[in-house]
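Letter by letter, the chains look like this.
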Amino acid sequence: MKDTLILAIESSCDETAASVVKNGRTILSNVISSQIALHTLYGGVVPEIASRKHIEKINQVIEQALTEAGVTLDDLDAIGVTYGPGLVGALLVGVAEAKAIAYAKKLPLVGVHHIEGHVSANYIEHPDLEPPFLCLIVSGGHTHLVIVKDYGEFEILGRTHDDAAGEAFDKVARAIGLGYPGGPKVDKLSKEGNPNAIEFPRAKIEGCPYDFSFSGVKSAVLNYLNHAQMTGEEINRADIAASFQNAVVDVLVEHTMAAAKDFGMKKIAIAGGVASNGTLRDAMETACRKYGYSFFRPSPIFCTDNAAMIGVAAYYEYMKGTRSGWDLNAVPNLKLGER
């Protein structure tokens, strides 16, 4: 059988990325141009700046991805691109680029859901992983617990009612003076703290056992800080970070294990930017070992935004016959399972 080569483009937030993926599982190149240093000045991602930077970088990132893969545009079978969810201006840069290349080279265009891409990151380093399996998706904008029934087919068991886990990390990091990006900084500082020093709440939602809520634990941290400030009490930032992270990880692991038991799932995966969190990875691994589940997780480089995962998702859509038209547009609030 002839190899299927897909050029994938990802520009949904503050990373400009391109990758060449062979047969859905082999990554020939994975180039990421990060804007973190730029947005750190502002304490978070500035959408207009992100869009402009994507325009600056996208051609060179694609050229580098093709060069590293040792292929040209003429060798490709299809172009895959993230079209949502994300920042609308940022998404438009990638979508326009993908459409231009596909049109010029008469190649099929495959629009990819960013969150489906995160789930697909698990296939890169685990050739034995195939659906069905349970997946916990945790990122700055999303927290979902889903059954991956087939490639590109999901049953949503649980979701957040307010803040996503990553959003709570960013807000708490800002409150304790760590700055942006919050997740990695909280994870790092928490290693110096006591995770049981402060008892922060773990939210449960009545009638929705697999759903999440992180605004309560975030508010509890803010209230703790305000109280300490008013009473002149000295705070230990490492203890706060560790205790907050412990509360969030506890809920994520507990809900995932409950769903695995209730739905008879033996394979569990994690995905999304927060899936690179060391404490979450260790806690999930420990719980899976305890209950006899197989645990799958992408390397940290494939947890944060990248184009390799988009190429993997695009391959399975391409093989199913999915094709996007020239009217493909950026959909900033695209829901999981929507097309």
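Residues numbered from 1 in each chain as written. Predicted model: local features only at pLDDT ≥ 70, side-chain atom pairs only at ≥ 80, totals over all residues. Heavy atoms only, no water.

A.B. asks: Summarise the UniProt feature "domain: Gcp-like" (unreviewed entry) in the chain; cite the residues concerned and give the values.
C.D. replies: The sites that carry the UniProt feature "domain: Gcp-like" (unreviewed entry) are, in the present numbering, residues 26-311. Across residues 26-311, the secondary structure splits into 50% helix and 17% strand, with the terminal C-alpha atoms separated by 10 Å. (UniProt positions renumbered as here; feature names shortened; annotations may be inferred. Helix = DSSP H or I, 4+ residues; strand = E, 2+ residues; numbered from the N terminus.)

A.B. asks: A description of the UniProt feature "binding site: Fe cation" (unreviewed entry) in the chain should follow, citing residues and the corresponding values.
C.D. replies: UniProt annotation of "binding site: Fe cation" (unreviewed entry) refers to H114, H118 and D305 when read in the numbering used here. Sequence-wise these annotated residues cover 192 residues; spatially they are packed, their C-alpha atoms never more than 8.8 Å apart. As for the annotated residues, the ones lining the largest pocket are H114, H118 and D305. By secondary structure assignment, the location of H118 is in helix 4 (residues 114-125). By relative accessible area, which is 2% here, H118 ends up buried. (1 Å grid on protein atoms, 1.4 Å probe; cavity = no way out; pocket = protein on both sides within 12 Å on 5 of 7 lines; lining within 4 Å. Buried < 20%, exposed > 50% of the residue type's maximum accessible area, 1.4 Å probe, protein only.)

A.B. asks: I'd love a proper account of helix 4, names of residues and values included.
C.D. replies: By the criterion of burial, helix 4 is predominantly enclosed, with 11 of the 12 residues buried. Taken residue by residue, helix 4 has H114, I115, E116, G117, H118, V119, S120, A121, N122, Y123 and I124 as its buried positions.

A.B. asks: Outline the pairing of strand 6 (residues 133-138), supporting the account with residue identities and numerical values.
C.D. replies: The element strand 6 is extensively covered by neighbouring structure, given that six of its six residues are classed as buried. Both faces of strand 6 are covered, namely the face carrying F133, C135 and I137 and the face carrying L134, L136 and V138. The sheet contact formed by strand 6 and strand 7 (residues 143-150) spans six bridges and is antiparallel. By the bridge assignment for strand 7, C135 is matched with V146. Linking strand 6 back to strand 7 in an antiparallel pair, the connection comprises four residues. Here four bridges tie strand 6 to strand 9 (residues 267-271), and the two strands are oriented parallel to one another. Paired with L136 across the strands is I270, a residue of strand 9. (Pairing = 2+ DSSP bridges.)

A.B. asks: Talk me through the sheet that holds strand 9; I want residue IDs and the actual numbers.
C.D. replies: The five strands are arranged 8-7-6-9-10 in an open sheet whose pairing can be described as mixed. The outermost strands of the open sheet, each flanked by one partner alone, are strand 8 (153-159) and strand 10 (294-296). In this sheet, adjacent strand axes meet at a mean angle of 25° when their direction is disregarded. Against the sheet, helix 8 (residues 237-263) touches strand 6, strand 7, strand 8 and strand 9, its axis set at about 160° to strand 6. (Axes fitted to C-alpha atoms, helices over the stretch in contact; angles between N-to-C directions. Contact = heavy atoms within 4.5 Å.)

A.B. asks: Can you tell me about the pattern of salt bridges, naming the residues and giving the values?
C.D. replies: For side chains bearing opposite charge, pairing can occur when the charged atoms are close. In this structure the tally under the stated criterion is 17 salt bridges. Measuring nitrogen to oxygen at the nearest pair gives 3.0 Å for the salt bridge that ties K2 to D77. Of this pair, K2 sits in the segment before strand 1 (5-10) while D77 sits in the loop between helix 2 (47-69) and strand 4 (78-84), and the two are 75 residues apart along the sequence. A relative accessible area of 60% means that K2 is categorised as exposed. Among the residues examined, D77 registers a relative accessible area of 16% and is labelled buried. (Salt bridge = Lys/Arg side-chain N within 4 Å of Asp/Glu carboxyl O.)

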